[in-house]
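Now for the letters of each chain:
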Amino acid sequence: MSLCTALLPLLLLVSAASASHFWGGTMSFLPKGRNPDGSYRVDFRYKDTFDSCGSRLVWGCVSGHCGTQTNLEVGQIYSSGARNPSNLNWCQEEGIITRHLISDKPFQLQASSCCWVSLSNGVSSWNLPVLVDLGRRSDTNEPNHSPHTTIISFVRVPQNCPRTYNFIGCDPDGDDIRCTNSNSLPTGFQIDQETCNFKYYPNAATGTYGILLNVEDYPKQYTTLTYSDGTRSYRAPARGVTTPSPITSAPYSSSPLSRLPLQFAVRVESPVPSCTAGQYLPKFLQPTPNDRERLHAAINKELEIRIIATATHSVIQDIIISGPLNITKDTRASGEFALRWTPRSDDLGEHFPICFIAESRANLSSTLYQSEMRCIIVEVERELASIGHVTCSESFMAISVNKTQSEKIKIHEDHLRLNDPSCTLYSNGSHVFANMSLNTCGTVMEEDDTNVIFKNEIVSVDNPNDIITRHHQVEIQFFCKYPKKSSVTLEFDAHRSPYVFVQKGFGTFSYQFEFFQSSQFRNLQDPSLYPLEYDLGDMMYMQIEATSPVNNTELFVESCKASPSDDPNAHISYSIISNGCIQDETLQFYSSHGNVVKFGMKAFKFIGLHDQVFITCSVILCEAGNPNTRCSQGCTNATAAPGVHHHHRREAPIQTLSHFISQGPVRLGRSTNIRDAASTVTTNGLNMNVVFIAGCLLVIVGMLCGVLIYTKRPKTVYQPLPTSDYQ
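These figures come from a predicted structure and were not determined experimentally. (Residues numbered from 1 in each chain as written. Predicted model: local features only at pLDDT ≥ 70, side-chain atom pairs only at ≥ 80, totals over all residues. Heavy atoms only, no water.)

Draft legend 1. The arrangement of the pattern of salt bridges in detail. Taken as a whole and assessed by the stated rule, the structure comprises 29 salt bridges. Ionic pairing is found between R45 and E94, a salt bridge with its closest N-O pair at 3.2 Å. Of this pair, R45 sits in strand β3 (residues 40-50) while E94 sits in strand β6 (residues 91-101); the two residues are 49 residues apart in sequence, bridging distant segments of the chain. A residue is classified by how much of its surface remains accessible, and E94, at 3% relative accessible area, is buried. Residue E216 is joined to R259 by a salt bridge in which the shortest nitrogen-to-oxygen separation is 2.9 Å. Taken together, the residues span a long stretch of sequence, with E216 in strand β16 (residues 207-218) and R259 in strand β19 (residues 258-269) at a distance of 43 residues. Owing to a relative accessible area of 6%, E216 belongs among the buried residues under this scheme. (Salt bridge = Lys/Arg side-chain N within 4 Å of Asp/Glu carboxyl O. Helix = DSSP H or I, 4+ residues; strand = E, 2+ residues; numbered from the N terminus. Buried < 20%, exposed > 50% of the residue type's maximum accessible area, 1.4 Å probe, protein only.)

Draft legend 2. Structural view of the side chain of S274. Structurally, S274 can be placed in the loop between β19 and β20 (283-285). Residue contacts for S274: discarding those within four places in its chain leaves Q279, Y280 and L281. (Contact = heavy atoms within 4.5 Å.)

Draft legend 3. Main features of the state of the cysteines. Scanning all chains against the criterion turns up ten disulfides. Here C114 connects covalently by a disulfide to C115, the sulfurs 1.6 Å from one another. In this structure, the disulfide formed by C114 and C115 twists by about 50° around the S-S bond and is classed as right-handed. C114 gets classed as partly exposed once you look at its relative accessible area, which sits at 42%. Classification of C115 by relative accessible area gives buried; the value is 17%. Covalent S-S linkage joins C581 and C635, the inter-sulfur distance amounting to 1.7 Å. Taking the sign of the S-S torsion, 95° for the link of C581 and C635, the bridge is right-handed. Highlighted residues: C581 in strand β44 (residues 581-582) and C635 in the loop between α2 (630-633) and β48 (659-668), separated in sequence by 54 residues. (Disulfide = S-S within 2.5 Å.)

Draft legend 4. Spatial organisation of the sheet that holds strand β18 (residues 232-235). Taking strand neighbours across the sheet as the criterion, the three strands line up as β9-β17-β18 in an open arrangement whose pairing is antiparallel. Because the sheet does not close on itself, it has two edges, and the strands there are β9 (136-137) and β18. As judged from the two bridges shared by β9 and strand β17 (residues 223-226), these two strands associate in the antiparallel manner. The residue of β17 that forms the bridge with R136 is T226. (Pairing = 2+ DSSP bridges.)

Draft legend 5. Examining the packing of aromatic side chains more closely. Per the counting criterion, the structure on display carries 28 aromatic pairs. Arranged with centres 5.7 Å apart and planes meeting at 80°, the rings of F509 and Y511 form a pair that is edge-to-face. On the basis of relative accessible area, F509 is assigned to the buried category, the value being 1%. Ring-pair connections join several aromatic residues into one group, and the members of that group are F189, F198, Y200, Y209 and F264. Looking at K105, its charged tip hangs above the ring of Y227, at a distance of 5.4 Å from the centre. (Phe/Tyr/Trp six-rings, centres within 6.5 Å; stacked < 30°, edge-to-face > 60°. Lys NZ or Arg CZ within 6 Å of the ring centre and 35° of its normal.)

Read these as spatial facts, not as claims about activity.
Structure, rendered in C-alpha cells:
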C-alpha cells in the first residue's frame with residue numbers, strides 16, 4: 001500500500017512587468033518499467049504558470065545520462081482569462097514527458113530562463129532542477145518513485161490574516177517527505193520542513209514574494225540502491241528519524257532519493273475588514289471534500305467532485321483549480337461548482353493531487369478575496385471499474401454490485417442502505433441489488449449546463465437505525481446522466497408520480513404530492529404543464545394524499561422546505577414547515593386531518609442565480625387516534641425527542657418512518673410587473689425573494705451511468721428536433 005502524506009505545492013501570481021512572465025512550477029516523475037529494447041521508461045509530469053497560455057518549458061540535461069524524450073503531451077489546467085487586471089493574468093499548463101533511458105544511474109534535468117514576475121524580495125531568474133535516481137531499492141525491490149505534487153496558481157493573502165497552506169503530496173513508496181527552501185524566506189513567511197506546512201504571519205509588507213522550495217523524499221529505513229551495472233549506493237532516513245541501525249558498515253548518505261522544485265509567489269494584499277471565513281473570505285460548505293481527503297477513481301469512469309463556497313460580504317466568482325491533465329470545471333450556480341476527471345488506462349495505480357481555492361469579489365469593488373486552499377488525493381484503482389453495473393431507463397435506475405469483487409461488500413452485506421434507509425437492498429449469492437425510480441429512495445437530481453443527473457449512494461452503517469456515522473466502510477456512489485440536447489429525444493416528465501413505500505405493519509403505501517388550481521382543490525394542475533409558472537405573490541395550492549391498505553391511519557406533514565433541487569439536504573433552502581410548525585407567514589392549511597393535507601402559500605423567489613425550485617416535505621403515516629405517535633404531537637420544539645423511537649421491534653408499529661417526497665420544478669412567470677409584485681421573506685438572516693424552475697423535456701443520446709458504473713443505452717423515442725431546440 002502506498003502512503004499519502006502531507007505536502008502540497010502551491011503557486012502564485014502577482015503583478016508583472018511586460019518582460020516578467022514566470023509565475024512558478026514543479027515536476028514529479030514515475031518509472032514505467034523497461035521497454036522491449038531494454039531501455040527504461042520514465043514519465044515526468046510538470047506544471048508551469050506564465051502570464052499567457054502556450055509557453056513551453058525546455059528541459060535540459062545538467063548531469064548524468066538523461067536519455068531521450070520520446071513523447072510530450074501538454075494541456076491547459078486553468079486560466080484567469082480577462083477577469084484580472086492585465087498585469088495579473090496567468091495560465092497554468094501541465095506537460096507529460098516520456099523519456100527512454102539507457103541507464104538507471106542518477107541524473108539531473110533542469111528548465112531555466114529569465115524572468116520571474118516583478119518580486120518584492122529581489123528574485124529575478126528562475127530555474128527548476130529535478131534530481132532522479134532509478135536504482136532498485138532494497139526495501140521495495142523497485143525503482144524510486146518521486147512524491148506527486150501539484151500547484152495552485154494565484155494565491156492572495158490579506159496582510160492582516162494569518163494563513164497556513166497544508167501542502168499535500170503523495171509518495172507511492174511511503175517515504176518521508178521534506179521541504180527545504182532554496183533561498184531565504186521573506187519576513188512573515190515560514191516553512192515547516194517536516195510537515196511542509198507553509199505559513200504566513202501578518203507582519204509582511206504588501207507586495208509579491210517569490211518562494212523557492214525543494215521537495216525531497218527519504219526512506220523510512222536504511223536502504224540500498226542497486227544499479228544495472230552492478231554498483232550500489234546507500235541512503236539513510238531523514239535527519240531526526242529514529243530507526244534501527246544498518247546491518248552493514250556501508251557509507252550511508254543523508255542525500256534524498258529525489259529532489260523536486262516547488263516554486264511560487266505569494267501576493268500580500270491590503271487588509272480585509274474581517275479574517276473570519278464566510279464573511280469577506282469565502283468559506284467551503286458540504287459536500288466539498290475536506291483538506292487531505294482521499295478519493296478513489298476507476299479507469300475510464302468519470303469522477304465528479306462537488307464544491308460549494310459562500311461569503312456574506314462578497315460574491316463568489318470562481319474556483320481556481322490545479323490537477324491532472326484533462327480535468328474540467330462546471331459552474332452550476334452561484335458558489336456551486338463541479339470538477340470532473342476521467343482517468344486513463346495509463347493512470348492505473350497512480351495518485352493525483354487536486355487542489356482548489358474559492359475566489360470572491362467584494363460588492364461594488366474590484367477587490368478579490370480567496371478562501372483557504374484545500375487539496376485532495378485521488379487514487380486510481382482497478383477494482384472500482386468492475387464491481388458496479390448501473391442500468392438507466394426513462395423512469396428508474398438500478399444497480400447491481402458484485403460481492404465477489406469486494407471483500408467490504410461481503411462483510412457489510414446486511415448493513416447496507418441507500419440515501420433513504422427505508423428503501424431495501426436485495427442480495428443473492430453473488431450480487432447486491434437496488435432498484436428505484438428517479439424520484440424515490442433519496443435520489444437527488446442535479447443539473448448543469450448540459451445534463452440532468454440523478455444520484456444515489458449505497459453506504460454501510462453499524463446500525464440500520466442510526467442517522468449519523470463517523471466512517472463508511474462501504475461507500476458506492478452511482479448516477480444516471482441525461483444530456484439535455486442531442487439528435488434524439490426522450491420525454492422526461494418533470495411531474496413526480498406517486499411515491500411508493502413498503503414497511504412492516506403498513507404494507508405497501510404511497511404518497512401523492514400535487515399542485516391545484518384553486519383553494520377549492522377540485523382541479524389539479526395538469527402534469528403535462530410542468531414546470532408550473534407563477535407570478536410573485538400568487539397563491540400556490542398544494543395537497544399531499546396518503547393511500548394505504550391499513551384502515552384508521554392519518555397523515556402528518558412534519559416539515560416542508562423549498563430549494564433549487566429536490567435534495568432534502570440542499571444547503572440553500574427556505575423552511576416552510578419545521579417540526580410540524582408553520583415557518584412561512586403566508587402559509588395556510590385548508591385541511592390537515594385524515595390521509596389528506598391541503599395547504600397553500602404565496603410564491604416567492606430565491607435571490608441570486610437559482611432559477612428553479614422544488615418543494616420537499618417530510619411525511620409520516622400514523623395509527624389514527626394513538627396519542628403516542630408523532631402525528632398526535634403536532635407542532636413541537638425541535639429539541640423534543642418523540643417517544644415512539646423507543647418502542648421494541650416486536651411491538652405492532654404505530655407509525656411509519658419519515659419519508660421525503662417532493663414536487664416540482666416550478667418557476668417564476670415572466671410578467672411585466674414582476675418588480676411591483678415582488679415581496680421578500682427573511683430566514684436565518686438571509687433575504688430570500690421566489691423559488692422557481694426550468695424545464696421538463698430532456699433530449700438524450702444515451703444515459704451515462706457513473707461512479708462505479710456501466711454505460712447502457714436505454715430505449716428512446718426518436719424524433720427530429722426543431723431548430724429552436726438547439727438555440
